[in-house]
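If you want the building blocks of each chain, they are given just below.
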Amino acid sequence: MQPKLTLVGAGPGDGELITLKGVRALRQADVVLYDDLTNHTLLDFAPEAALKMYVGKRAGKASFTQEEINELIVRLAQEHGHIVRLKGGDPYVFGRGFEEQAYARQYGIQCEVIPGVSSCIAVPAAQGIPVTSRGISESFWVITGTTRNGELSDDLRLAVQSKATVVVLMGMRKLGELCRLYCQAGRGHLPMAIVQNGTRADEQCVIGQVWNMPTLAAEHGVGAPAVLVIGDVVALHPSYLAESLRNVSMAY
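Reference entry: report on the structure contained in this document. (Residues numbered from 1 in each chain as written. Predicted model: local features only at pLDDT ≥ 70, side-chain atom pairs only at ≥ 80, totals over all residues. Heavy atoms only, no water.)

1. Notes on the overall build of the protein
Okay, step 1: The number of helices and strands found in the protein is eight helices and 12 strands.
Okay, step 2: On the principal axes, the C-alpha backbone points of the protein span a range of 75 × 35 × 35 Å.
Okay, step 3: For the protein, buried positions account for 49% of its 252 residues.
Okay, step 4: Excluding contacts between residues fewer than 6 apart, the proportion of contacts in the protein whose partners are at least 24 apart in sequence is 66%.
Okay, step 5: Accessible surface computed for the protein: about 12900 Å², of which carbon and sulfur atoms make up 52%.
Okay, step 6: Here the protein contributes 23 positively and 25 negatively charged side chains, and the mean placements of these two sets differ by 2 Å. (Helix = DSSP H or I, 4+ residues; strand = E, 2+ residues; numbered from the N terminus. Buried < 20%, exposed > 50% of the residue type's maximum accessible area, 1.4 Å probe, protein only. Contact = heavy atoms within 4.5 Å. Areas by Shrake-Rupley, 256 points an atom, 1.4 Å probe, with all protein chains shown as cover. Lys, Arg positive; Asp, Glu negative; His and termini not counted. Charge placed at Lys NZ, Arg CZ, Asp CG, Glu CD.)

2. A closer look at the packing of aromatic side chains
Okay, step 1: Applying the stated criterion across every chain, the model contains three aromatic pairs.
Okay, step 2: Here the aromatic rings of Tyr 92 and Phe 98 are separated by 6.2 Å at their centres, their planes lie at 75°, and the arrangement is edge-to-face.
Okay, step 3: What makes Tyr 92 partly exposed here is its relative accessible area of 42%.
Okay, step 4: Given the relative accessible area of 52%, Phe 98 is considered exposed. (Phe/Tyr/Trp six-rings, centres within 6.5 Å; stacked < 30°, edge-to-face > 60°.)

3. Thoughts on helix 1 (residues 20-27)
Okay, step 1: When we look at burial in helix 1, the residues that qualify are Gly 22, Val 23, Ala 25 and Leu 26. All buried residues of helix 1 fall inside an arc of 160° around its axis, so they share one side. Pointing more than 90 degrees away from the buried face of helix 1 are the exposed residues Leu 20 and Lys 21.
Okay, step 2: Packing partners of the buried residues in helix 1 comprise strand 1 (4-9), strand 2 (31-34), strand 6 (82-87) and strand 7 (110-114). (Arc of directions from axis to C-beta.)

4. Observations concerning the pattern of salt bridges
Okay, step 1: Tallied over the entire structure, the rule returns nine salt bridges.
Okay, step 2: Between Glu 79 and Arg 75 there is a salt bridge, with its nearest N and O atoms 3.5 Å apart. With Glu 79 and Arg 75 both in helix 2 (residues 66-80) and four residues apart, the pair spans about one turn of that helix.
Okay, step 3: Sharing partners across several salt bridges, the network here consists of Asp 35, Arg 85, Lys 87 and Glu 100. (Salt bridge = Lys/Arg side-chain N within 4 Å of Asp/Glu carboxyl O.)

5. Quick look at the side chain of Asn 70
Okay, step 1: You can see Asn 70 is positioned in helix 2.
Okay, step 2: Under the relative-accessibility criterion, Asn 70 is labelled buried at 9%.
Okay, step 3: Once you skip the residues sitting within four places of it in the chain, Asn 70 turns out to touch Glu 100 and Tyr 103.

6. A closer look at the sheet that holds strand 10 (residues 191-196)
Sheets are built from strands that pair by backbone hydrogen bonding, the pairs being arranged parallel or antiparallel.
Okay, step 1: Strand order in the open sheet made by the five strands is 8-9-12-10-11, with mixed pairing throughout. Bordering the open sheet on either side are strand 8 (140-144) and strand 11 (204-209), each of which pairs with just one other strand. Strand-to-strand twist of the sheet, defined as the mean angle between neighbouring strand axes without regard to direction, takes the value 15°.
Okay, step 2: Two strands pair when backbone bridges link them, and strand 8 and strand 9 (residues 165-169) are joined in this way by five bridges, in the parallel orientation. In the strand pairing of strand 9, Thr 144 is matched with Leu 169.
Okay, step 3: The sheet contacts of helix 7 (residues 213-220) involve strand 10 and strand 11, and relative to strand 11 the element is tilted by about 150°. (Pairing = 2+ DSSP bridges. Axes fitted to C-alpha atoms, helices over the stretch in contact; angles between N-to-C directions.)

Here's what the structure looks like:
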């Protein structure tokens, strides 16, 4: 038995958006450790005899601390063999995948990383929002809305000044504060989207402008998990274009 850890990106939510290489790894798993944001249908790819254990976080409460997960990976790899760590999106995009890999390597465990389709790109794309578009946005930021100290990232204060598209992950708890930051910078008019449960069957999308997004989010009942997208590219969303045309027709 050769202990091994494979970090697998499960994609943004739709079970069909996992990579073929990720599916192959699951089929060879002795143990699958999975998070809340992974589509549970993916567990069907693992052998029936494989141990499947939930180690995610719900309602802000973790079932295991990160330190406990690290230790669990090592122990189960030594006892069972091949551990597949199934993570939503991509394991290296706010997934703490590198931390788990580095810890396992300290114990001589072979490690492999299978990238996943990140929600920061896929969720806006599934809604018809490109994160870059010629003549509109030349680049994009991907920023966490939840830092270790519970405050907004300093990078957001820089991003507000940029013309780039800004994508915020894990940002619903900071929505009001984030929108105030844009308004204080005189950019409250920018188009904004909130996409909850992106690419899943129960996906919900709210489109508006930064200044009124907290109100719209409350009216539509959107919450975590969600991807926030801010920038002129959001105006390319079909519903935003339709609303703009309607407003123009009413003006005339």
